[in-house]
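# Residue-level structural notes
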Amino acid sequence: MPRRSKGARLQLKAARRNKSGKITHQATWIIRDNGRDVCTGCAADEIAAAEEKLRDYITSKHTPKRRIRHIDDIAVADVLSIYLDAQLDKLRARFNVDSESEDTIPDIRKFKKRIERLNDWWGAKMLGEVNGEACRSYAKKRAKRGGARRDLEDLRAAIGLHAAEGYHREIVKISLPEKGQPRDKWLTRSDAAKLIWTCWRYHEMQKGSRRPTDDLKVPTSKRPLRHLARFILLGIYSGTRAGAIAAASPIPAIGRSYVDLERGRYYRLKQGSAQTNKRQPTVPIPLRLLAHLRRWHRANPEAKHFVEYNGKAVTSVKTAFKSAVRLAGLGPGISPHTLRHTAATWLMQRGADPWQAAGYLGMSLEVLLNTYGHHHPDYLSDAVEKIASRDPAGERKAHVSPALSGAVIPIRRNDA
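The text that follows walks through the structure, step by step, so that each part is easy to find. (Residues numbered from 1 in each chain as written. Predicted model: local features only at pLDDT ≥ 70, side-chain atom pairs only at ≥ 80, totals over all residues. Heavy atoms only, no water.)

## Some thoughts on the layout of surface pockets
- Volume-wise, the second largest pocket comes out at about 580 Å³.
- Among the elements of the structure, α6 (189-201), α7 (226-238), α9 (287-299) and β12 (308-309) are those that each provide at least two residues to the lining of the second largest pocket.
- Of the residues contributing to the lining of the second largest pocket, the split by class is 13 nonpolar, 7 polar and 5 charged. (1 Å grid on protein atoms, 1.4 Å probe; cavity = no way out; pocket = protein on both sides within 12 Å on 5 of 7 lines; lining within 4 Å. Points joined across faces, edges and corners; volume = space filled by probe spheres on them. Helix = DSSP H or I, 4+ residues; strand = E, 2+ residues; numbered from the N terminus. Nonpolar A, V, L, I, M, F, W, Y, C, P; charged D, E, K, R; others polar.)

## Remarks on the packing of aromatic side chains
- Following the criterion strictly, the structure yields 4 aromatic pairs and no others.
- Relative to Y138, the ring of W122 has its centre 6.1 Å away and its plane inclined at 40°; by these criteria the two rings are tilted. You can see W122 sitting in helix α3 (residues 106-122) and its partner Y138 sitting in helix α4 (residues 132-142), a full 16 residues away along the chain.
- Owing to a relative accessible area of 0%, W122 belongs among the buried residues under this scheme.
- Judged by its relative accessible area of 0%, Y138 falls in the buried class. (Phe/Tyr/Trp six-rings, centres within 6.5 Å; stacked < 30°, edge-to-face > 60°. Buried < 20%, exposed > 50% of the residue type's maximum accessible area, 1.4 Å probe, protein only.)

## Here we look at the packing of helix α2 (residues 76-95) against helix α5 (residues 145-164)
- In the contact formed by α2 and α5, the axes pass within 9 Å of each other and the chain directions differ by 90°. In terms of orientation, α2 and α5 fall into the roughly perpendicular class. Of the residues in α5, those touching α2 at V76, V79, L80, I82, Y83 and A86 are D154, L155, A157, A158, I159, L161 and H162.
- Among the residues forming the contact of α2 with α5, the class breakdown is 11 nonpolar, 1 polar and 1 charged. (Axes fitted to C-alpha atoms, helices over the stretch in contact; angles between N-to-C directions. Parallel < 35°, antiparallel > 145°, perpendicular 65-115°, else oblique. Contact = heavy atoms within 4.5 Å.)

## A word on the nonpolar core
- L195, Y266, L293 and L368 are the most contacted members of the largest nonpolar core, which totals 49 residues.
- Every element with two or more residues in this core is listed here: α6, α7, α8 (242-246), α9, α10 (318-328), α11 (338-349), α12 (354-361) and α13 (365-372).
- For this core, the element with the highest residue contribution is α7, accounting for 8 residues.
- Counting residues in hydrophobic clusters, the runner-up holds 27 residues, among them I71, L91, I105 and Y138. (Core = buried A, V, L, I, M, F, W, Y, C linked by side-chain atoms within 4.5 Å.)

## A look at the side chain of R114
- Along the chain, the position of R114 falls in helix α3.
- Taking relative accessible area as the criterion, R114 reaches 13% and is therefore assigned buried.
- Looking at R114, its side chain comes within polar contact range of the side chain of D154, at 2.5 Å. (Polar contact = N/O pair within 3.5 Å; in protein donor to acceptor, adjacent residues only side chain to side chain.)

## Some remarks on the environment of L233
- Here L233 is to be found in helix α7.
- Sequence separation between L233 and I245 is 12 residues; the distance between their C-alpha atoms is 10.0 Å.

## Regarding the environment of K222
- Position of K222 among the secondary structure elements: in the loop between β7 (217-219) and α7.
- Look at K222 and you get partly exposed, because its relative accessible area is 48%.
- For K222 and H203, which are 19 residues apart along the polypeptide, the C-alpha to C-alpha distance reads 5.7 Å.
- Excluding its chain neighbours within four sequence positions, the residues that come into contact with K222 are Y202, H203, E204 and Q206.

## Looking at α12
- Among the residues making up α12, those that are buried are A357, A358, Y360 and L361. Angularly, the buried residues of α12 cover 165° about the axis, an arc narrow enough to put them on a single face. Summarising the geometry of α12, the exposed residues directed more than 90 degrees from the buried face are W355 and Q356.
- Tucked inside the fold, the buried residues of α12 contact α7, β11 (283-284), α11 and α13.
- Two or three places before W355, at the start of α12, stands the capping residue D353, its side-chain oxygen 3.1 Å from that residue's backbone nitrogen. (Arc of directions from axis to C-beta.)

## Thoughts on the pattern of salt bridges
- Overall, the coordinates contain 14 salt bridges when judged by the stated rule.
- Residue D154 is joined to R114 by a salt bridge in which the shortest nitrogen-to-oxygen separation is 2.5 Å. One end of the pair, D154, is in helix α5; the other, R114, is in helix α3, with 40 residues separating them in the sequence.
- For E153, the salt bridge identified is with R150, shortest N-O distance 3.9 Å. Separated by 3 residues within a single helix, E153 and R150 lie in helix α5, roughly one turn from each other.
- You can call R150 partly exposed: its relative accessible area is 36%.
- Through salt bridges that share partners, D89, R92, E102, D103 and K112 make up one connected network. (Salt bridge = Lys/Arg side-chain N within 4 Å of Asp/Glu carboxyl O.)

As structure tokens, then:
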């Protein structure tokens, strides 16, 4: 069995001498890669420069070829690499972070994890091998239908970008697993109140003694869930997505969602960000919520965001929200996005005009009616009224069904 390659690495090439012992060539660093020697031009004492040359060599070795090729000659790893670079630039601009601190943003971490999973399965395959059977095999291996669909959506986007840039011309189809049922779990007013009060009143619990045998915990003065009370109020009364709630600020700036406290307007799209299919329209703020926002700003005019933890803007509340739901005893299936479902449900239950409700929430009218329309008091009311109404003329008529081949079913007044 052949020995496994050690990969590209630096090696110091010894100085060369002539027969009289005089040095003719100084010692230099070279790059050894699977039996191949690449000169760096760096002397023995220039180790930092040699390491930089090695990094450049490895980068150029794994940089995808950006020219048109046939799909049978294009590795899926190259397609994913081009997509990763493009999306990371957009995400860094969206969250206003650099490459060194990008991993502190949950959305970026999750994106990179999805690309890593895709590369593990697809990376060694050629683009021409991507077909329905391979997609179904990936979904089976991934086990979770929703997770597999999300991963394959990234793969589809990566292939689309590769084609849009002109690097291949053939059509490559991605077969996606079916969508799951839409989640429409929502909170009642009593559930919402219980959750808010739990977040506001909760004290952090710590062991009262350092003795390992003493497991008794006592409440401290720390209140680690209070910022969630604000988050919940913003989510329920505005129906805004979690990212825009976390970015809500009374001070306009790049990377923030601006809340104009004077005019009562919520500019949900972060300044400097491009509009996406996740609609984030500017909306008026309900008076009840606006009163809270103004009071919070008066209490701490130096705060840059309405929802902060230890003086800093939050990037994700999923872990804290999960703890709050457990402490409030509300059961499974409730996440920060449930607040948006709650806002949509309450709007429908109170008979809001569907067109205005869809505009306020930033969703299409079709999605609103299909998912939440049954909560509206007028839902199918005309059909229900007509199906049970009597003939306006009060006449006794015989209704004939073509399927009954001439059989007549008389409908009398007292049948109802």
